[in-house]
Amino acid sequence: MLGRVFPYSRALPVLAAVLFKHNDRKKEAALGRRPLTWKWERHPYYNLSVKILRAGNIRTTDLLSKTDCYVALRLPTASPVTSRTKVIYNSSEPEWNETFHYRIHGALKNILELTLYDKDIVLNDKLLSIVFDVGSIKPGRHFKRVFQLNPKTKEELEVEFLIEECTDPPTEVITNGVLVVHPSLCLQGAIDKGDKPEQREKGERHLRLSVPGAYEKETCIPCRPEPDQDRQTQFVFHADREQCPQLEVQLQRTLNVVQDGVSHGVEEQTTVLGTGYLPISSLPIDKEVDLTVPLGEEQSVDLKVKTEERYKDLDVRLGFDLSNGEKEFLVKRKQRASQALKEALNLKEVPCKEEVPIVAVVGSGGGTRAMTSLFGNLSGLQLLHLLDCVTYLSGVSGSTWCMSSLYEDPDWSQKDLEGPINSTRNSVTRGKIRAFSPERMKYYFQELVSVEKDGRKASVTDLWGLILEYFLYQKENPSKLSDQQESVRWAQNPYPIYAGVNVRHKISGRDFAEWCEFTPHEIGFRKYGAFVRTEDYGSEFFMGHLIQRRQEPRICYLKGIWSSFYAANLDEIWQKVTGTGTAWIDSLKDAISVIDDSQKKKFKDPFQLKTRLVLPGGILSEIFKDFLKSRYSAGEIYNFTCGLYLHRDYVDVTEFVAWKVTFGSRQLSDSDGQQAEVPRDREGLWNNEGLEERKL
């Protein structure tokens, strides 16, 4: 233990050094920074025209013919729909001359993705992608760009851009300098299925409702209600008001067709009988209306709808300042720490609050070894009468086992730590075989089923959290992270900060990894300045608003998040075991190169994203990537930043973490941090299910 290894006198120089360092921090704080909270910004709209002209010398992936090319355009900040050109068959020099129009907002980082495909009968081959920052285009004049795809074979794609001022008036947005919030529309409605006479025909008829870009997926409603069902069927969609969303209603008929021939069976065939559209932005706000949507061929559907607009009252806190609960804690803790410093340093008088340093104790990962180490260090600080001088206590992985156990007692730091140490020692030294007994396995299964019923996706990470619960307590532990607010209400203990790392599916930790903070009051990303209340963690958010509240997970599940092993992919595990990793797989992965002419310019816009060319690795690459890069056992939680955008000048914000940081044995470069992208659609920051993968 620390107190038994280091004598009292050796701790004093360290504490004095912290005091001197505190003056340096005060000087740094005097430097100008952007506001720490969100603010209003007014920006204009622009009309963007993208004309796909031609491509040249395109290589073929077919054996007997040339390429059948088309270009797909994706600009998620302006439209949820992926547009595409017509297909030019059997040509290595295709010409399209097709123009696509977008309305873009001046506050957003508008990134256009152009993807060149070779159309095939079975599967379209993705030849390449170009990622282009629309912000580099000057308004009012045509800008023709020839993207050099392969200098050796002289492959190229020629595109013409034009940005003009829009007649729509400028609008205000909420932003913290990194993230931007648009107004959202909530469409609530009902379909009365009992007014129409039944039509006798083969097959089942149903209505398919969808809003492109909405948080919710499509909804299918049978036209004939079951006897025990209500005549009116409810539906709800949340969408971005600025993208002019519209409700699409399709009347479909499904038939079960018996297949003849070699393979006998029943095939389900769906036919679209009619389609209708309803512009959501045209509906009155906060007023219920009855209307009829024509579906064509003398068919229609009657709807009762109501639209609500949500904007100002955000449930996601945007800002780089501390939470109110943490601010109140700091004021009270400085009073306690000043008295502790006076006693520890034998001062004549109590230091004023400006002289009280902020001291943090940080615990590393490493399972029971890390837990034991942190217990010993805290006990040593207590023996030296220095524990009350500590403001923050932070940890990852095994250190969080120690922290979460201590903070179940609201006054743990004011008591002898030998009690919690002995209790934990007795728990971890017991036999582990009962953790896998039939009784415990039944308990695990029931808990994971309960997780699924609550709307979350159960994973191996959650199972590991339940196993840890048995290792540390031998019983169910109902405590939650928000319960620890009682442990810091009077600043009687250091403020706990638990840490986890967010990773992405099929992407290495050295390419993308970012820290997430877990505290008793808030959980969030300081990198983006986005936080939610701890009680709301695990609920569903869209565009900064809480749309589906779910139960706060028990702390045992958070311990699974704060661990690391089960979120690692096979490539990272292999590198950890052998020290070499599977470097040979890098030769098969997608090749990304910068093809930006702005590097040659004397005056370069520091906020402009470099144009990048992405060459897919091919089918073999996807097979190995699925096997080695996928995070099969990673835990997932709903992404509370879903629907938020990146500000066009987010790189200029000092608080945005864009410097080199070490993650394990890897490093994230400046460019990796500056090129982080927050798609507007349901993918949010993580994956196409709107779920956050978590890893430590």
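The notes below deal with the structure included here. (Residues numbered from 1 in each chain as written. Predicted model: local features only at pLDDT ≥ 70, side-chain atom pairs only at ≥ 80, totals over all residues. Heavy atoms only, no water.)

**Description of the sheet that holds strand S2 (residues 45-56)**
Within a sheet, neighbouring strands are paired by backbone hydrogen bonds and run either parallel or antiparallel to one another.
Then step 1. The strand order across the open sheet built from 4 strands is S5-S2-S9-S8, with neighbouring strands paired in antiparallel fashion. Taken across any chain shown, the strands that pair with only one partner, and hence form the sheet edges, are strand S5 (95-105) and strand S8 (142-150). Going from strand to strand, the sheet's axes swing by 20 degrees on average, the running direction of each strand aside.
Then step 2. As defined by bridge partners, S2 adjoins S5 across 9 bridges and the pair is classed as antiparallel. Directly across from Asn47, in S5, lies its bridge partner Arg103. (Pairing = 2+ DSSP bridges. Helix = DSSP H or I, 4+ residues; strand = E, 2+ residues; numbered from the N terminus. Axes fitted to C-alpha atoms, helices over the stretch in contact; angles between N-to-C directions.)

**Considerations on the pairing of strand S9 (residues 155-165)**
Then step 1. Across the 11 residues that make up S9, a large majority, 8, are buried.
Then step 2. Note: S2 against S9, 10 bridges, orientation antiparallel. Bridging across to S9, Tyr46 finds its partner in Glu165. (Buried < 20%, exposed > 50% of the residue type's maximum accessible area, 1.4 Å probe, protein only.)

**Side note on the sheet that holds strand S18 (residues 288-296)**
Then step 1. Strand order in the open sheet formed by 4 strands is S15-S12-S19-S18, with antiparallel pairing between adjacent strands. The sheet is open, and its two edges are formed by strand S15 (232-240) and S18, each paired on a single side. Each strand axis lies, on average, 30 degrees off the axis of its neighbour in the sheet, ignoring direction.
Then step 2. Where S18 meets strand S19 (residues 299-310), 8 bridges bridge the pair, whose relative direction is antiparallel. Its bridge partner being in S19, Pro294 is matched across the sheet by Ser300.

**Some points on the nonpolar core**
Then step 1. Among the nonpolar cores identified, the biggest contains 76 residues, and Val178, Leu378 and Phe518 are the most heavily contacted of them.
Then step 2. Ignoring any residue separated from it by four or fewer positions in sequence, one finds Phe518 in contact with Leu481, Pro496, Ile497, Tyr498, Gly500, Ile523, Tyr537, Leu558, Ile561 and Trp562. (Core = buried A, V, L, I, M, F, W, Y, C linked by side-chain atoms within 4.5 Å. Contact = heavy atoms within 4.5 Å.)

**Here's the deal with the packing of aromatic side chains**
Two aromatic rings are characterised by how far apart their centres lie and by the angle between their planes.
Then step 1. Applying the stated criterion across every chain yields a total of 20 aromatic pairs.
Then step 2. Pairing Tyr70 with Tyr117 gives two aromatic rings, centres 5.2 Å apart and planes at 15 degrees, and the pair type is stacked. Of this pair, Tyr70 sits in strand S3 (residues 69-74) while Tyr117 sits in strand S6 (residues 111-118), placing them 47 residues apart in sequence.
Then step 3. Where Tyr650 meets Phe656, the ring centres are 5.2 Å apart and the plane angle is 80 degrees; that geometry is what we call edge-to-face.
Then step 4. Given the relative accessible area of 2%, Tyr650 is considered buried.
Then step 5. A network of ring pairs unites the aromatic residues Phe525, Tyr528, Phe640, Tyr650 and Phe656 as a single cluster. (Phe/Tyr/Trp six-rings, centres within 6.5 Å; stacked < 30°, edge-to-face > 60°.)

**Quick notes on unusual backbone geometry**
Then step 1. Although it is not a glycine, Asn57 sits at a positive phi angle of roughly 55 degrees.
Then step 2. When you line up the elements, Asn57 lands in the loop between S2 and S3.
Then step 3. You can call Asn57 partly exposed: its relative accessible area is 36%.

The values are spatial; any link to function lies outside them.
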